[in-house]
Protein chains: 2
Amino acid sequence: MHHLLLIAHGSRRQESTDEIHSLVEHIRERADNRYATVECAFLELTEPSIDTAIARSVEDGATRITLLPYFLTDGNHVANDIPAIYQCAVDRFPDTQIELRPYFGSAPAVADLLLELSLS
Amino acid sequence: MHHLLLIAHGSRRQESTDEIHSLVEHIRERADNRYATVECAFLELTEPSIDTAIARSVEDGATRITLLPYFLTDGNHVANDIPAIYQCAVDRFPDTQIELRPYFGSAPAVADLLLELSLS
């Protein structure tokens, strides 16, 4: 059973949290066959934390969990904070296959989309 | 003379700053006819600040400056901090047409790109 967790920064603003929930819904509706479930988790300010979301997935029977960081650049959160939380989860749940995907902003298509928006 | 400023968060990590400079270069190389120049500016931690970059553009003779916020969600930075800095610039430079574009993450194509990455 394969779970996807979209990892976002978190915010004090409900509008920001709502956007992440909408993205999760967008993926969930279109990726049904690929993942048993799609959920979100937050680095700070918003619940659930990444720790909590991973533990919940394991409790729910996930045998594989994919973490997809929704971040734009290779700053401290991407380079240090998220890998540290990921490594703790790997150590804590050795029977679950947990993988950390490259962050969103590293996709080449992001630069092209930004170019397109700059010209629109 | 129309200038584009890509507005990023800023980071203590050079790798993050380098990515923003690469994006600016990506846009600059492909949007030459649209803008007299393309530069970046940062909300915090990295120079130049948005204030400084706007003032430089005005000094360099920009008659129109477009701000494109490279942010993912409608959090405090997008909803409050950037509009406040923008409004100060509009008041400070009444003879320059300054416009604030929607933030990157609000583009519908972003959700589809994230979906695509989740399935790859």
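Above this text you will find the structure in question.
Not measured: the values here are computed from a predicted model.

Peer 1: A description of the sheet that holds strand 3 (residues 64-69) of chain A should follow, citing residues and the corresponding values.
Peer 2: Residue and element names in this part refer to chain A. Strand order in this open sheet of four strands is 2-1-3-4, and the pairing throughout is parallel. Here the strands that pair on one side only, and so sit at the sheet edges, are strand 2 (37-42) and strand 4 (97-100). For this sheet, the mean inter-axis angle between neighbouring strands, taken without regard to orientation, is 20°. Of the strands in this sheet, strand 1 (2-8), strand 3 and strand 4 touch helix 3 (residues 76-92), which is tilted by about 170° from strand 4.

Peer 1: Please give an account of the pattern of salt bridges that cites residues and values.
Peer 2: Applying the stated criterion to the full structure yields twelve salt bridges over all chains. A:E25 is paired through a salt bridge with A:R28; the nearest N and O atoms lie 2.8 Å apart. You can see A:E25 and its partner A:R28 sitting in helix 1 (residues 14-30), three residues apart, about one turn around the helix. Classification of A:E25 as partly exposed rests on a relative accessible area of 33%. Between B:R64 and B:E99 there is a salt bridge, with the nearest N and O atoms lying 3.2 Å from each other. Pair noted here: B:R64 is in strand 3 (residues 64-69) and B:E99 is in strand 4 (residues 97-100), with a separation of 35 residues, a long-range link. Three or more residues joined by partner-sharing salt bridges are found here, namely A:R13, A:E15 and B:D74.

Definitions and limits used
Residues numbered from 1 in each chain as written. Chains lettered and ligands numbered in written order. Predicted model: local features only at pLDDT ≥ 70, side-chain atom pairs only at ≥ 80, totals over all residues. Heavy atoms only, no water. Pairing = 2+ DSSP bridges. Helix = DSSP H or I, 4+ residues; strand = E, 2+ residues; numbered from the N terminus. Axes fitted to C-alpha atoms, helices over the stretch in contact; angles between N-to-C directions. Contact = heavy atoms within 4.5 Å. Salt bridge = Lys/Arg side-chain N within 4 Å of Asp/Glu carboxyl O. Buried < 20%, exposed > 50% of the residue type's maximum accessible area, 1.4 Å probe, protein only.

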